[in-house]
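Residue-level structure breakdown
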Amino acid sequence: MQVNELAKKLSVTADTVRYYTRIGILEPVKSFENGYKYYSKDDESRLRFVLKAKKLGFSVAEIQNIMAISQKGDSPCCKVRDLVKRHIEHTTQKIAELEALKGNMVNAVDAWETIEDKGPNEQNICELIEMWEEIDLAKIKQ
């Protein structure tokens, strides 16, 4: 099948198929007659695997590593488990960071509601942001 056929079959763009071809995950056969690249069932299976792995948070480099282990005849499952455990830890940490950021934003909006808007000057671009670390939320909220 050609690039557009594979893309449509797996609900991705043709550029996605071309990208994975460019980095060597897909290995289409080039026709001598018309120069078109033709993708096999194996290419379809590899791309399907990549798309599933991406949904689990794996990077392209990790996916290539997993595929390389498999191509050597070894099971990559142990590696996959370890990677997912690390991804969970990283995701948990990232969620905590995002919750803290959200808390800062909520506190900022609450504090800024009582402050009059001022124009920029030589020292300030936006006073609200520039005073943020200096303000005492308890004083502003009173």
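Structure first, text after, so check above.
Residues numbered from 1 in each chain as written. Predicted model: local features only at pLDDT ≥ 70, side-chain atom pairs only at ≥ 80, totals over all residues. Heavy atoms only, no water.

Quick notes on the pattern of salt bridges
Convention followed: Salt bridges are counted wherever a side-chain nitrogen of Lys or Arg sits within 4 Å of a carboxyl oxygen of Asp or Glu. Helix and strand assignments follow DSSP, with helices taken as H or I runs no shorter than four residues and strands as E runs no shorter than two, numbered in order from the N terminus. Relative accessibility under 20% of the residue-type maximum defines a buried residue, over 50% an exposed one, and the middle range a partly exposed one, all with a 1.4 Å probe and only protein chains included.
Applying the stated criterion across every chain yields a total of five salt bridges. Between Glu44 and Lys41 there is a salt bridge whose closest N-O contact spans 3.6 Å. You can see Glu44 and its partner Lys41 sitting in helix α3 (residues 41–55), three residues apart, about one turn around the helix. A residue is classified by how much of its surface remains accessible, and Glu44, at 7% relative accessible area, is buried. Within this structure, Lys9, Lys41, Glu44 and Arg48 form a network of salt bridges that share partners.

What to know about the packing of aromatic side chains
The following threshold applies: Stacked, edge-to-face and tilted labels apply to pairs of Phe, Tyr and Trp rings (six-membered ring for Trp) whose centres lie within 6.5 Å, assigned for plane angles under 30 degrees, over 60, and everything in between, in that order.
Throughout the structure, instances matching the rule amount to one aromatic pair. Residues Tyr19 and Tyr20 carry aromatic rings whose centres are separated by 5.0 Å and whose planes lie at 70° to one another, so their mutual orientation is edge-to-face.

Quick notes on a nonpolar patch on the surface
Inclusion rule: Surface patches are defined over residues having more than 30% relative accessible area and no salt bridge, joining like charges when they lie within 9 Å and nonpolar side chains (Val, Leu, Ile, Met, Phe, Trp, Tyr) when within 5 Å. Surface accessibility follows the Shrake-Rupley procedure with a 1.4 Å probe radius. Residue values consider only the protein chains on display as shielding.
On the surface, Leu98, Leu101 and Met105 cluster together into a nonpolar patch covering about 290 Å² of accessible area. Following the sequence through the fold, Met105 ends up in helix α5 (residues 77–112).

Examining the nonpolar core
Defined as follows: Nonpolar cores are built from buried Ala, Val, Leu, Ile, Met, Phe, Trp, Tyr and Cys residues. Side-chain atoms within 4.5 Å join them into one set. Contacts are assigned to residue pairs with any non-hydrogen atoms lying within 4.5 Å of each other.
Counting 20 residues, the largest nonpolar core has Leu6, Val17, Tyr20, Leu26 and Leu47 as its most contacted members. Elements supplying a minimum of two residues to this core: α1 (3–9), α2 (14–22), α3 and α4 (60–71). A total of four residues in this core trace back to one element, the largest contributor, which is α4. Excluding anything up to four places from it in sequence, Val17 contacts Val3, Leu6, Ala7, Val12, Leu26, Tyr39 and Leu47.

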